[in-house]
Amino acid sequence: MAEISFPLPDLGEGLIEATVLDWLVEPGQQVERNQPIVELETTKSALELPSPQAGKVVRIHGAPGETINVGEPLIVFEVPDDTAGIVGTVPKDEAPKRRVRLSAVLDED
Amino acid sequence: MMTGRHTMEQHRHTVEGTDPGLFVEVHEPGTDAGLRPVLLIHGFSSSTKLNWVDSGWITTLQDARRRVITVDLPGHGRSHSPEDQDSYTPSRIRADLLQIVTDAGARPLRDGDPSTGLDVIGYSLGSRLAWEFGATQPDLVHRIVLGGPSSADPLAAFDLIAAQRHLADGTPIEDASTAGLLKMAQMLPSNNLFAMLSLIEAIKGEPFDPGEAAPHMPLLLVAGEKDERATTMPELASLAGKRGGMVETLVIPGRTHNNVITSRAFKEAAVQFLGV
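Definitions and limits used
- Each residue is numbered by its place in its chain's sequence as written, counting from 1.
- Chain letters and ligand numbers both follow the written order, the letters beginning at A and the numbers at 1.
- Only residues with pLDDT of at least 70 are given local features in this predicted model, and only at 80 or more are side-chain atom pairs given and counted; all residues enter the totals for whole chains, interfaces and linings.
- The secondary structure listing takes helices from DSSP runs of H or I that are at least 4 residues long and strands from runs of E that are at least 2 residues long, numbered from the N terminus.
- C-alpha atoms define the radius of gyration in this analysis, and the globule rule sets the expected value at 2.2 Å times the number of residues to the power 0.38.
- Counting other C-beta atoms within 10 Å of a residue's own tells you its class, since 20 or more makes it buried, 12 or fewer makes it exposed, and anything in between is partly exposed; those C-beta atoms are placed from the backbone.
- Remark: residues whose backbone-derived C-beta atoms lie within 7 Å of one another are considered to be in contact.
- Only strands joined by at least two bridges in the DSSP assignment are considered to pair.
- Every residue carries a pLDDT, the predictor's confidence in it, which falls somewhere between 0 and 100.
- When residue character is reported, Ala, Val, Leu, Ile, Met, Phe, Trp, Tyr, Cys and Pro are called nonpolar, Asp, Glu, Lys and Arg charged, and the others, Gly included, polar.
- Take the buried Ala, Val, Leu, Ile, Met, Phe, Trp, Tyr and Cys residues, join any whose C-beta atoms are within 7 Å, and the set you get is a nonpolar core.
- Note on definitions: angles span 0 to 180 degrees between N-to-C directions of axes, and those axes are lines fitted to C-alpha atoms, for helices only across the stretch in contact.
- An expected span of 1.5 Å times one less than the residue number is assigned to each helix.

**Overview of the overall build of chain B**
Part 1 of the argument: Regarding its fold elements, chain B presents nine helices and eight strands.
Part 2 of the argument: What you see for chain B is a C-alpha radius of gyration of 18 Å, in line with the 19 Å of a compact globule of 276 residues.
Part 3 of the argument: With the C-alpha coordinates aligned to their principal axes, the bounding extent of chain B is approximately 60 × 40 × 35 Å.
Part 4 of the argument: Looking at chain B residue by residue over its 276 residues, the buried ones come to 51%.
Part 5 of the argument: Partitioning the intrachain contacts of chain B with sequence separation of at least 6 by distance along the chain shows that 74% fall at a separation of at least 24.

Have a look at this one:
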């Protein structure tokens, strides 16, 4: 098994941070790709982030009320080695339809 | 998660000769529960995307097997920003909404047929429009959910002269509500500031008077515990209750006017309330 970490993605509109309202998943939980994982508030609106990854949640960063900067760690998943998307491997999943683009720390794109 | 079909169009069917160019989308569920469509009306200086898509409402309603109609208000989101003031009046917007839902297939309520009628969910300014829409369309509207509702009208109380002076030469705005609303209107590049001010001016001509016409159909009122604009929610509940309608209220702990929209408790209560 491998761990894969996702930072808070660029939310567009020049936003640089977001405040955690509520986590919708918890460590140990198995989540599907695109399942809503967290409610966030920005200076412009409140939104839900869809999961960028299917897998088991290992860690979440930011308790309700805490602010996270774009690019800082948000969530870590445990995934089978061959789907980790580590540089040099190609994830087998189909390209997801995402409302907000998240890219893994190790990903080049 | 279900992903349903999805059609969109610039609405072309006009009711008063001029075309306000409202952007309409119909979000079909994966499988349809066979219930009436749900119309969503967003708030001031927001949009369908911000108020309903990014916040997770569309997928929540599609997962509940509901067909959803969304409209960007004039000057908001992907709708046009008409130059004539008339396109922004609440009465004109209500007339356009009626035409839009009719074109999208909503039919007058018929006893025993759950596919007839229309459910409406509004947020903030959208709640005001939903209240009036329900009050004036009793043969069509089945149930209403109002988020962040207020019996007062912060947009009618907006100090337009102070705002224009501020935009011209930076003079500070004394009224905190006016300053806050103007900041909101300036924040989104997708929203046209001229159109935001036209909407405010049009609302000043038709300020919200919830006692003038109150809806008779069942009503769910939802607000964050820290929502300062919704402290008057009990007045709305009392006005609608006096008309004999069933009224439920829900206060979401810890939430404000801006962040109650993503609340799971809000969504679950709305889905359940409209799922009959």
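**Quick notes on the overall build of chain A**
Part 1 of the argument: The helix and strand inventory of chain A stands at zero helices and eight strands.
Part 2 of the argument: Moving toward the C terminus, one meets the helices and strands of chain A in the order β-β-β-β-β-β-β-β.
Part 3 of the argument: Of all intrachain contacts in chain A linking residues separated by at least 6 positions in sequence, the fraction that spans at least 24 positions is 57%.

**Some remarks on the sheet that holds strand 3 (residues 30-31) of chain A**
Sheet strands pair by backbone hydrogen bonding; their relative direction is either parallel or antiparallel.
Residues and elements named next belong to chain A.
Part 1 of the argument: Taken in spatial order, the four strands make up an open sheet running 1-8-6-3, and their pairing is antiparallel. Here the strands that pair on one side only, and so sit at the sheet edges, are strand 1 (2-7) and strand 3.
Part 2 of the argument: As judged from the two bridges shared by strand 3 and strand 6 (residues 55-60), these two strands associate in the antiparallel manner. Bridge pairing in strand 6 places Val-31 opposite Gly-55.

**Concerning the confidence of the model for chain A**
In regions of low pLDDT, the predicted coordinates are not meant to be interpreted in detail.
Part 1 of the argument: Summarising the model, chain A shows a mean pLDDT of 83, and 75% of its residues fall at 70 or more.
Part 2 of the argument: Looking across chain A, the model is least confident in strand 1 of chain A, with a mean pLDDT of 94, and most confident in strand 7 (residues 67-69) of chain A, with 97.

**Details of the interface of chain B and chain A**
Size of an interface, as often reported, equals the accessible area lost when the parts are brought together.
Part 1 of the argument: At the junction of the two partners, chain B supplies 11 residues and chain A supplies 12 residues.
Part 2 of the argument: Counted by class, the side of chain B that touches chain A contains five nonpolar, five polar and one charged residues.

**With respect to the nonpolar core**
Part 1 of the argument: Ranked by internal contacts, the top residues of the largest apolar core, which has 89 residues, are Val-120 and Val-145 of chain B.
Part 2 of the argument: Those residues in contact with Val-145 of chain B, other than ones at most four positions away along the chain, are Ile-121, Leu-220, Val-222, Ala-270, Phe-273 and Leu-274 of chain B.

**Quick word on the pairing of strand 2 (residues 17-23) of chain A**
Residues and elements named next belong to chain A.
Part 1 of the argument: Note: strand 2 against strand 7, three bridges, orientation antiparallel. The residue bridging Ala-18 from the neighbouring strand is Ile-68, located in strand 7.
Part 2 of the argument: The pairing of strand 2 with strand 4 (residues 36-41) spans four bridges and is classified as antiparallel. Paired with Trp-23 across the two strands is Val-38, which belongs to strand 4.

**Examining the environment of Lys-56 of chain A**
Residue and element names in this part refer to chain A.
Part 1 of the argument: By the secondary structure assignment, Lys-56 is in strand 6.
Part 2 of the argument: Look at Lys-56 and you get partly exposed, because 16 C-beta atoms sit within 10 Å.
Part 3 of the argument: When the C-alpha atoms of Lys-56 and Phe-77 are compared, they prove to be 5.4 Å apart, with 21 residues separating the residues in sequence.
Part 4 of the argument: Leaving out residues up to four positions away in the same chain, Lys-56 has contacts with Gly-28, Gln-30, Phe-77 and Glu-78.

**Considering the sheet that holds strand 7 of chain A**
All names here are of chain A.
Part 1 of the argument: Taken together, the four strands give an open sheet; going across it, the order is 5-4-2-7, and neighbouring strands pair in antiparallel fashion. Two strands in the sheet have a free side with no partner beyond their single neighbour: strand 5 (46-50) and strand 7. Pairs of neighbouring strands in the sheet enclose a mean axial angle of 40°, with direction left out of account.
Part 2 of the argument: By the bridge criterion, five bridges tie strand 4 to strand 5 in an arrangement that is antiparallel. Residue pairing for strand 5: Val-38 is matched across the bridge by Leu-49.

**Regarding the pairing of strand 7 (residues 219-224) of chain B**
Residues and elements named next belong to chain B.
Part 1 of the argument: Counting buried residues along strand 7, six of its six residues qualify, which places the element largely inside the surrounding structure.
Part 2 of the argument: Neither face of strand 7 is open: one carries Leu-219, Leu-221 and Ala-223, the other Leu-220, Val-222 and Gly-224, and all of them are buried.
Part 3 of the argument: Sheet topology note: the strand 6 (residues 141-147)/strand 7 ladder contains four bridges and is parallel. Bridged to Gly-147 within strand 7 is Val-222.
Part 4 of the argument: In this structure, strand 7 lies alongside strand 8 (residues 247-252), joined through six bridges in parallel fashion. Each bridged residue has a counterpart across the sheet, and for Gly-224 the counterpart in strand 8 is Ile-252.

**A few points about helix 7 (residues 193-205) of chain B**
Part 1 of the argument: With 13 residues, helix 7 of chain B ought to run about 18 Å at 1.5 Å a step, and its terminal C-alpha atoms sit 19 Å apart, in line with that.
Part 2 of the argument: Among the residues of helix 7 of chain B, Ala-195, Met-196, Ser-198, Leu-199, Ile-200, Ala-202 and Ile-203 of chain B are the ones counted as buried.

**What to know about unusual backbone geometry**
Residue and element names in this part refer to chain B.
Part 1 of the argument: Positive phi outside glycine occurs at Ser-45, with the angle close to 55°.
Part 2 of the argument: For Ser-45, the position within the fold is in the loop between strand 3 (38-41) and helix 1 (48-53).
Part 3 of the argument: Despite not being glycine, Ser-124 shows a phi value in the positive range, around 60°.
Part 4 of the argument: With respect to the helices and strands, Ser-124 occurs in the loop between strand 5 (118-123) and helix 4 (125-136).

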